Amino acid sequence: MNIPETPIHHFIDKLTCSHVSFALYRLPWTDEPILILQKDGEPETTLNLKDLNGKEGFIMAPFHPSEKHPIILIHPDRTASDWEEIAGALNDVCTTDTCPVPSGETFPAAPADETAEKQTYTQTFNHFISPLQKKRFRKLVLSRHSTQPLTNGFSPLAAFIRACNSYPRMMISLCHTPVCGTWIGSTPEIILSGNGTDWHTVALAGTMPMEGETMPTDWSKKNQEEQEFVCEYIRKTIKKFGSKLTEKGPYTARAGQLVHLKTDFNFTLKDSLHLGDILQELHPTPAVCGLPKEDAYQFILDTENYDRSYYSGIIGWLAPEKETTLYVNLRCMQIGRTEATLYAGGGILPSSDAESEWEETQQKMNTMRNIL
């Protein structure tokens, strides 16, 4: 994907400093950017995914909905699906009033203290591993965040373009609203996609680094168990809503410089106007939470010691009577004025150790570091 003409570049970067809500995204194995833009007012918000039943728009849902981080629906007042159409849509919306440039002097952010971050992570890991070894949980997902200074003149659109060119297998997104701020992501994990009666989701768990350009396939028992936990949960959930369930996998799937175990689930829905009900049941999946789900979810909220915000939530296009493409918001970062906050996590089982889990989060964060 080529960087667009300067006016488009300028407009989109200005929108990330404005009160206008928009999402720019590119689906896997395509070269076509798609813009969803709400012309007026703040986006619709809710605290319950069920409230999305029958609605259409671009979704940003957090790991844990709250007044601070609500579920966001960007209304598609304007949509465009190539750079020429996007230029026309931006010309209609971008004015000096709607796209102000931030004023005032900014100073570079300090680099992250990796030693302190690792110490905090290790302490939290110890709180997670204990109840796992006591068999209170079958699986937990431990995540963390890290800040990185932005260079002077950092361009969100340029980072989006770099991600598109670097990660053809992933859904790439640049989303901004006055509610959530600006987020850039590169995620390999579908939570729900389809149209009409034909629908699809995946189980994605287990992680290994690429070996050069060779995909490793020798999966450890820990990774295989982690994958099966997610599959088991998805099977049970789909059977509540759908029928004619078929599976493909698990198989090794590449995502940037990492590989994961992946299983595809295809199924039939009689009614696509209640996708919010399905999302409420699926989210968060064991791939980002744990099992038993409700107990693991509350344990994470009580123990992880930071707010995941929109990391490991849901992002993408919701259109119950057209084509829906919703993903888990992984490999993502929030863009501030002087720094980016990167997020990553990994599944913890009784056999896990802190050093290898820390390294896995480092590798996952590199997906975003590489485009900065």
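Everything numeric here is computed off the predicted structure, so don't read it as measured data.

Caption draft 1: Expanded view of the overall build of the chain. For the chain, the helix and strand inventory stands at eight helices and 18 strands. A compact globule built from 372 residues should have a C-alpha radius of gyration of about 21 Å, and the chain, at 20 Å, falls within 12% of that. Considered along the principal axes of its C-alpha atoms, the chain spans approximately 60 × 50 × 40 Å. A buried classification covers 57% of the 372 residues belonging to the chain. Intrachain contacts of the chain at a sequence separation of at least 6 include 73% that bridge at least 24 residues. Accessible surface computed for the chain: about 15800 Å², of which carbon and sulfur atoms make up 48%. For the chain, the separation between the mean place of its 34 positive charges and that of its 47 negative charges on side chains is 6 Å.

Caption draft 2: Structural context of the sheet that holds strand S1 (residues 21-26). Reading across from one edge, S6-S2-S1-S8-S9-S17-S18-S7-S14 is the order of the nine strands in this open sheet, with antiparallel pairing throughout. Whereas interior strands pair on both sides, the edge strands pair on one side only; in this sheet they are strand S6 (78-80) and strand S14 (290-291). Strand direction decides the pairing type here: strand S17 (residues 332-335) and strand S18 (residues 339-348), joined by three bridges, are antiparallel. What sits directly across from methionine 333, in S18, is leucine 342. Taken strand by strand, helix H2 (residues 83-93) contacts S1, strand S2 (34-38) and S6, and its axis lies near 155 degrees from that of S6. Each of S1, strand S8 (171-177) and strand S9 (181-187) is contacted by helix H4 (residues 156-166), which is oriented at about 165 degrees to S8, the strand it contacts most.

Caption draft 3: Focus on unusual backbone geometry. Here the residue pair histidine 283 and proline 284 is connected by a cis peptide bond, since its omega of -10 degrees sits within 30 degrees of zero. Looking at where proline 284 falls in the secondary structure, it is placed in the loop between helix H6 (275-282) and S14. Note that the residue after leucine 291, namely proline 292, is joined by a cis bond; omega there is -5 degrees. Note that proline 292 resides in the loop between S14 and helix H7 (293-303). Despite not being glycine, tryptophan 29 has its phi angle at roughly 60 degrees, a positive value. With respect to the element layout, tryptophan 29 can be found in the loop between S1 and S2. Accessibility expressed as a relative area gives 61% for tryptophan 29, which makes it exposed. Located in the positive-phi region is serine 309, a residue other than glycine, with phi close to 55 degrees. Its place among the elements puts serine 309 in the loop between H7 and strand S15 (314-318).

Caption draft 4: Quick look at the environment of phenylalanine 128. Mapping phenylalanine 128 onto the fold places it in helix H3 (residues 114-133). By relative accessible area, which is 0% here, phenylalanine 128 ends up buried. In this structure the C-alpha to C-alpha distance between phenylalanine 128 and leucine 349, which are 221 residues apart in sequence, comes to 9.1 Å. Once residues within four sequence positions are removed from consideration, phenylalanine 128 is found in contact with Leu140, Val141, Leu142, Phe299, Ile300, Thr303 and Glu304.

About the criteria used
- Residues numbered from 1 in each chain as written.
- Predicted model: local features only at pLDDT ≥ 70, side-chain atom pairs only at ≥ 80, totals over all residues.
- Heavy atoms only, no water.
- Helix = DSSP H or I, 4+ residues; strand = E, 2+ residues; numbered from the N terminus.
- Rg over C-alpha atoms; globule rule 2.2 N^0.38 Å.
- Buried < 20%, exposed > 50% of the residue type's maximum accessible area, 1.4 Å probe, protein only.
- Contact = heavy atoms within 4.5 Å.
- Areas by Shrake-Rupley, 256 points an atom, 1.4 Å probe, with all protein chains shown as cover.
- Lys, Arg positive; Asp, Glu negative; His and termini not counted.
- Charge placed at Lys NZ, Arg CZ, Asp CG, Glu CD.
- Pairing = 2+ DSSP bridges.
- Axes fitted to C-alpha atoms, helices over the stretch in contact; angles between N-to-C directions.

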